[in-house]
Amino acid sequence: MNTTFLDACNKKEPLYTPVWFMRQAGRYLPSYRAMKANRSVMEIAKDPALASQVVVDAVKALDVDAGIIFADIMLPLEGMGVEFKIEENVGPVVTRPIRTPDDVSSLRDLSPEEDVGYVFDGIDATLQKLDDSVPLIGFSGAPFTLAGYMIEGRPSRDLEKTKQMMYRDPETWHRLMSALTKMVVAYLEVQVSHGVDAVQLFDSWVGCLSPSDYQKYVFEYTKTIMRSLGGGVPRIHFCANSSSLLEQFVETGPDVLSVDWRLPISEAWRRSMERAGIQGNLDPVLALAGGESMRREVGDILEQSRGHLGHVFSLGHGVLRETPPENLSGIVKSVHAATRLRA
C-alpha cells in the first residue's frame, strides 16, 4: 500500500507529501456526472457498487494518496428517526426540525449495521476495488454540525435557531449533543471495524461560535469522540472559517487538524505547537482557476510546511463543481515532485 498519507498522519517521515481532496469523489468528474445523470446523490450513496466506484474513479483519475468513502453526513440521522431529503443546489432539508425537548426524546439510538448497513457494504466494496493500493478515509458529521441541520431544517449561514436552543434551553441542547455524540462514536467505530484506515470529523459550521461558547457547548463532545477512537486509526478534525478556535480544536485530541485558506498554514503550524499534523490548505477557487496563481500558492504552502512532520496537502474545503480534473491531478504531480526533491 501507498502509506504516505498514513505516515504523515502518524508524524512519520513520508516518501513525499501526500495529497487528497475533500469532495474528490464527486460532481466535477465526468465519470460521476455520467453516473448521476438519472440518479440522486442518495441513490448513489445507498448503492454499494456505485458508491465504491465513485471513490475508485477519483483515486485513479487524480493519483491521490488516499480515498474517502462516498456518503453524506446526514445518512446516520435516518437511523435516529430524522426524515430529510437532499435538494439539488440547496443541501439537506429536514422534514420535521428538532426544536423541543419532546423532539429530542423521540430520537432513537442508532443501530449502525441495521440502519445504515449500505455504508459499510460500500466500505467493503471500496476496499476490495482499491485492492490495498491507498488508504481509505471514513467520516462523520460532528455533533454540532448535525444538530445545526436538525434544528434549522436546512443549511443556514447564521444558525440562529441552533444558537437560540443553546442559550435558551441548555438542558435540551446538551441532551441532543449527548445523543449525537453517542451516535457518531458508534458510527465511526463500525466504519473502523470494516477497515477504513483513518476517519475525518466534519464540524463544518462550528466556526460560527465564539471560543467561550465552543468551550461551553461543544468542546467536551468533540473530545469524547476523539478519545473514543484513540489508539486505532488517525483522526482528522475539519472545520472551515474557524481560526479563532484552532487551539481548542487541538485540545480535543485529533492527530491531524484540517485548516482552510483563511489562515496561513505557517500560523496553523505555530499555533498547533506541533501537537497535531496539519491538512490543507489551498483555496478551492485557486484549484478551479489553475494557472500560475495556483502553482505559486501550492509552492508557498509547501514552503511554509517545510521541516514540519505531519503535512497532508489538500484544499481548504471541498472541490468546486466546475474544477477541471487536470488542475487537481496537476497539483498532485507538483506536490509529489517538489517534496520528493527535498528528501
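Visitor: Got a sec to walk through empty space enclosed by the protein? Specific residues and values, please.
Guide: Inspection of every chain in the model, using the stated rule, returns three cavities of 30 Å³ or more. There is about 90 Å³ of room inside the largest cavity. Contributing to the lining of the largest cavity are His237, Cys239, Asn241, Ser242, Ser243, Leu246, Phe249, Leu257, Ser258, Val259, Asp260 and Leu263. Of all elements in the fold, only helix H14 (246-252) and strand E7 (256-258) reach the threshold of two or more residues within the lining of the largest cavity. The class makeup of the residues in the lining of the largest cavity is six nonpolar, five polar and one charged. If you add up the space inside the second largest cavity, you get close to 60 Å³. In this structure, the second largest cavity is lined by 13 residues; those nearest its centre are Ala51, Phe70, Val119, Gly122 and Ile123. Taken together, the elements giving at least two residues each to the lining of the second largest cavity come down to helix H4 (48-62) and helix H8 (117-130). For the lining of the second largest cavity, the element with the most residues is H8, which contributes five residues.

Visitor: Now, about the pairing of strand E9 (residues 311-315): what can you tell me, with residues and values included?
Guide: Extensive coverage of E9 is indicated by the burial of five of its five residues. Burial along E9 is two-sided: the residues His311, Phe313 and Leu315 and Val312 and Ser314 are all buried. Relative to E9, strand E8 (residues 277-282) is paired through five bridges, and the arrangement is parallel. The partner of isoleucine 278 across the bridge, within E9, is histidine 311.

Visitor: Can you tell me about the side chain of glutamine 279, naming the residues and giving the values?
Guide: Checked against the element boundaries, glutamine 279 lands in strand E8. Taking relative accessible area as the criterion, glutamine 279 reaches 0% and is therefore assigned buried. In terms of polar contacts, glutamine 279 uses its side chain to reach the side chain of tryptophan 20, at 2.9 Å. Among the polar contacts listed, one links the side chain of glutamine 279 to the side chain of serine 258, at a separation of 3.0 Å. Apart from residues no more than four positions distant in its own chain, glutamine 279 is found in contact with Phe5, Trp20, Met22, Gln200, Ile236, Val256, Leu257, Ser258, Val259, Val312 and Ser314.

Visitor: Report on the layout of surface pockets, specifying residues and quantitative values.
Guide: The calculated volume of the largest pocket comes to roughly 1,700 Å³. What lines the largest pocket is a set of 50 residues, and nearest its centre among them are Arg23, Arg27, Asp72, Tyr149 and His317. Listed by contribution, the elements that provide at least two residues to the lining of the largest pocket are helix H2 (30-36), strand E2 (84-87), strand E3 (91-94), helix H9 (143-152) and helix H16 (284-289). Top element by residues in the lining of the largest pocket is H2. It accounts for three residues. Looking at the lining of the largest pocket, its residues break down into 28 nonpolar, 11 polar and 11 charged.

Visitor: Kindly report on the nonpolar core, identifying the contributing residues and their values.
Guide: Residues Phe5, Phe21, Phe144 and Ile331 are the most contacted members of the largest nonpolar core, which totals 119 residues. Among the elements that make up this core, the one with the highest residue count is helix H11 (residues 170-193) (10 residues). In contact with phenylalanine 5, other than residues within four places in its own chain, are Pro18, Trp20, Asp65, Ala66, Pro135, Ile137, Ala198, Ile236, Gln279 and Val312.

Rules used in this analysis
Residues numbered from 1 in each chain as written. Predicted model: local features only at pLDDT ≥ 70, side-chain atom pairs only at ≥ 80, totals over all residues. Heavy atoms only, no water. 1 Å grid on protein atoms, 1.4 Å probe; cavity = no way out; pocket = protein on both sides within 12 Å on 5 of 7 lines; lining within 4 Å. Points joined across faces, edges and corners; volume = space filled by probe spheres on them. Helix = DSSP H or I, 4+ residues; strand = E, 2+ residues; numbered from the N terminus. Nonpolar A, V, L, I, M, F, W, Y, C, P; charged D, E, K, R; others polar. Buried < 20%, exposed > 50% of the residue type's maximum accessible area, 1.4 Å probe, protein only. Pairing = 2+ DSSP bridges. Polar contact = N/O pair within 3.5 Å; in protein donor to acceptor, adjacent residues only side chain to side chain. Contact = heavy atoms within 4.5 Å. Core = buried A, V, L, I, M, F, W, Y, C linked by side-chain atoms within 4.5 Å.

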